[in-house]
Amino acid sequence: MARELHFTPEEMIEAVCKVADKARHYPPTKNRAAWFATVFREKLGEARAEMLAIKKRRLL
């Protein structure tokens with residue numbers, strides 16, 4: 001899924017960590033596969049935003 005959306009391996013790792021954190025606090029009760037797919041897409045976007053912000057700070 002992440003490769004189709006052109007995310008880097010670093011972004012994928014960060015997203016998986018974020019999904020694990022969210023699952024620890026708000027575990028899915030029904031349809032776990034759909035929950036994971038939805039949350040993973042959300043966290044991929046957050047991971048990309050964080051990586052871009054870090055890169056921008058380094059350039060300044």
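Residues numbered from 1 in each chain as written. Predicted model: local features only at pLDDT ≥ 70, side-chain atom pairs only at ≥ 80, totals over all residues. Heavy atoms only, no water.

Novice: Explain helix α2 (residues 32–59) residue by residue, including any values.
Specialist: Given a rise of 1.5 Å per residue, 28 residues ought to cover 40 Å, and the 40 Å separating the end C-alpha atoms of α2 matches this to within 8%. Among the residues making up α2, those that are buried are Trp-35, Ala-37, Val-39, Phe-40, Lys-43, Leu-44 and Ala-47. Contacts from the buried residues of α2 go to α1 (9–25). (Helix = DSSP H or I, 4+ residues; strand = E, 2+ residues; numbered from the N terminus. Expected span 1.5 Å × (residues − 1). Buried < 20%, exposed > 50% of the residue type's maximum accessible area, 1.4 Å probe, protein only. Contact = heavy atoms within 4.5 Å.)

Novice: Go over the pattern of salt bridges, please, and point to the residues and values.
Specialist: Applying the stated rule across the entire model yields 7 salt bridges. Across the salt bridge formed by Lys-18 and Glu-46, the nearest N and O atoms sit 4.0 Å from each other. On the criterion of sequence distance, the pair formed by Lys-18 in helix α1 and Glu-46 in helix α2 is long-range, its members being 28 residues apart. Using a relative accessible area of 16% as the deciding quantity, one classes Lys-18 as buried. Lys-22 is paired through a salt bridge with Glu-42; the nearest N and O atoms lie 3.8 Å apart. Here the residue Lys-22 occupies a position in helix α1, and Glu-42 occupies one in helix α2, the gap between them amounting to 20 residues. Overlapping salt bridges bring together Lys-18, Lys-22, Glu-42, Lys-43, Glu-46 and Glu-50 as one network. (Salt bridge = Lys/Arg side-chain N within 4 Å of Asp/Glu carboxyl O.)

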